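The primary structure of each chain is shown beneath.
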Amino acid sequence: MLKIAVLVSGSGSNLQSIIDSIEAQELKCSIEMVISDKEGVFGIERAKQKGIKTYVLDKKIYGKEISKEVLRLTENKVDLIVLAGFLSILDSELITSFKNKIINIHPSLIPSFCGPSMYGIKVHEKAIDYGVKFSGCTVHFVDEGTDTGAIICQKVVPVHPEDTAESLQKRVLVEEHKALPEVIKLISEGRVKVDGRKITII
Ligand code: GAR
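Let me sum up the structure you'll find in this document. (Residues numbered from 1 in each chain as written. Predicted model: local features only at pLDDT ≥ 70, side-chain atom pairs only at ≥ 80, totals over all residues. Heavy atoms only, no water.)

1. Focus on the pairing of strand E9 (residues 198–201)
Two elements, strand E8 (residues 192–195) and E9, share 4 bridges in a ladder whose sense is antiparallel. Residue pairing across strands places valine 194 opposite isoleucine 199, the latter belonging to E9. Linkage of E8 to E9, two consecutive antiparallel strands, is achieved through a turn of 2 residues, within which glycine 196 is found at a positive phi near 65°. (Pairing = 2+ DSSP bridges. Helix = DSSP H or I, 4+ residues; strand = E, 2+ residues; numbered from the N terminus.)

See the structure below:
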């Protein structure tokens, strides 16, 4: 069975979608650990409630060493690292060790509204300000850049004239909660074929 580590920095609703999907027996994988870069986030609470092992690597204490610590905790213990709203930057040693084995969810249609310091509600504010008619979410492999890795799955939502960043965020989040478990399932079934930037679902 695919073993995963889920990394969070916030409320962990995406983590919850993975837990729910496992409990509904739609997804067969085992969450070996949940790691947060912040003390007291609800994502850690959600994991504890389910008896999942948790680690807090406070970025105020670990700084740039977070990546090394994540590598130490996950190496030879998990097959896939899932960034579910994890906001610390990972270094190349971890990315090389887990090549095509780290995925991230981003709340826009990459390559729009992504890159350094584009996260959470800011992404939706930019989408609203720009006047796009559609937005959505992207699940992609993590490479050395920020939000630049090969795209595995995107889901699209309409943007309505009366939308605020908050209402758009809510609509996109519904799709995030489908996309992330779906991609983990595809990976667990060996159905994600990588050819450079081109990903094929087989
Ligand atoms: C999600 O919307 C996720 O896409 C976003 O943070 C939120 C975390 O929510 N990630 C990024 O913006 C990364 N660039 P959650 O803690 O409720 O899952």
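2. Quick look at the site of the ligand
Within the structure, the ligand sits among 14 residues, and Ser11, Gly12, Ser13, Asn14 and Glu176 are positioned closest to it. At 2.6 Å from an oxygen atom of the ligand is found a side-chain nitrogen or oxygen belonging to serine 13. Within the contact set of the ligand, an oxygen atom lies 2.9 Å away from a backbone nitrogen or oxygen of asparagine 14. When the free accessible area of the ligand is taken as 450 Å², the share hidden by the protein chains comes to 89%. More than half of the atoms of the ligand fall within 2 Å of the grid points belonging to the largest pocket. Within the residue set of the shell around the ligand, elements represented by two or more residues are helix H1 (13–23), strand E5 (102–106) and helix H7 (165–188). Residue composition of the shell around the ligand, by class: 5 nonpolar, 8 polar and 1 charged. (Near = heavy atom within 4 Å. Polar contact = N/O pair within 3.5 Å; in protein donor to acceptor, adjacent residues only side chain to side chain. Areas by Shrake-Rupley, 256 points an atom, 1.4 Å probe, with all protein chains shown as cover. 1 Å grid on protein atoms, 1.4 Å probe; cavity = no way out; pocket = protein on both sides within 12 Å on 5 of 7 lines; lining within 4 Å. Sits in = over half its atoms within 2 Å of the grid points. Nonpolar A, V, L, I, M, F, W, Y, C, P; charged D, E, K, R; others polar.)

3. Brief notes about helix H6 (residues 121–130)
In an α-helix, one turn spans 3.6 residues; hence positions three or four apart end up facing the same way. When H6 is considered as a whole, its buried residues turn out to be Val123, His124 and Ala127. Seen along its axis, H6 keeps its buried residues to an arc of 95°; they face one direction. With its phi angle positive at about 85°, glycine 131 sits one or two positions after the end of H6. (Buried < 20%, exposed > 50% of the residue type's maximum accessible area, 1.4 Å probe, protein only. Arc of directions from axis to C-beta.)

4. A short note on the layout of surface pockets
Taken as a whole, the largest pocket spans an internal volume of roughly 830 Å³. Along the wall of the largest pocket there are 39 residues; nearest its centre are Gly85, Phe86, Leu87, Ile105 and Tyr119. Broken down by secondary-structure element, the contributors of at least two residues to the lining of the largest pocket are H1, E5, strand E6 (134–141) and H7. For the lining of the largest pocket, the per-class residue count stands at 15 nonpolar, 20 polar and 4 charged. Looking at the second largest pocket, its volume works out to about 180 Å³. (Points joined across faces, edges and corners; volume = space filled by probe spheres on them.)

5. Some remarks on the nonpolar core
Core analysis: the largest hydrophobic core is formed by 43 residues, its most contacted members being Ile4, Val6, Ile103 and Ile184. Per-element tally for this core: the top contributor is H7, with 8 residues. Not counting residues up to four positions away in its chain, the partners in contact with isoleucine 4 are Ile18, Cys29, Ser30, Ile31, Glu32, Met33, Val78, Leu80, Val82 and Ile184. In this structure, Ile35, Leu71, Phe86 and Val142 belong to the second largest nonpolar core, which totals 19 residues. (Core = buried A, V, L, I, M, F, W, Y, C linked by side-chain atoms within 4.5 Å. Contact = heavy atoms within 4.5 Å.)

6. With respect to the side chain of aspartate 37
Within the secondary structure, aspartate 37 sits in the loop between strand E2 (29–36) and helix H2 (42–49). By relative accessible area, which is 1% here, aspartate 37 ends up buried. One polar contact links aspartate 37 to serine 9, side chain to side chain, over a distance of 2.8 Å. Reaching out from aspartate 37, the side chain makes a polar contact with the side chain of serine 88 at a distance of 2.6 Å.

7. Concerning H2
Among the residues of H2, those classed as buried are Gly43, Ile44, Arg46 and Ala47. Each buried residue of H2 sits inside an arc of 155° when the element is viewed along its axis, so together they form one side. Looking at the packing, one finds that the buried side of H2 touches strand E1 (2–8), H1, E2 and strand E3 (54–56). In the segment just after H2, glycine 51 is the residue with positive phi, at about 75°.

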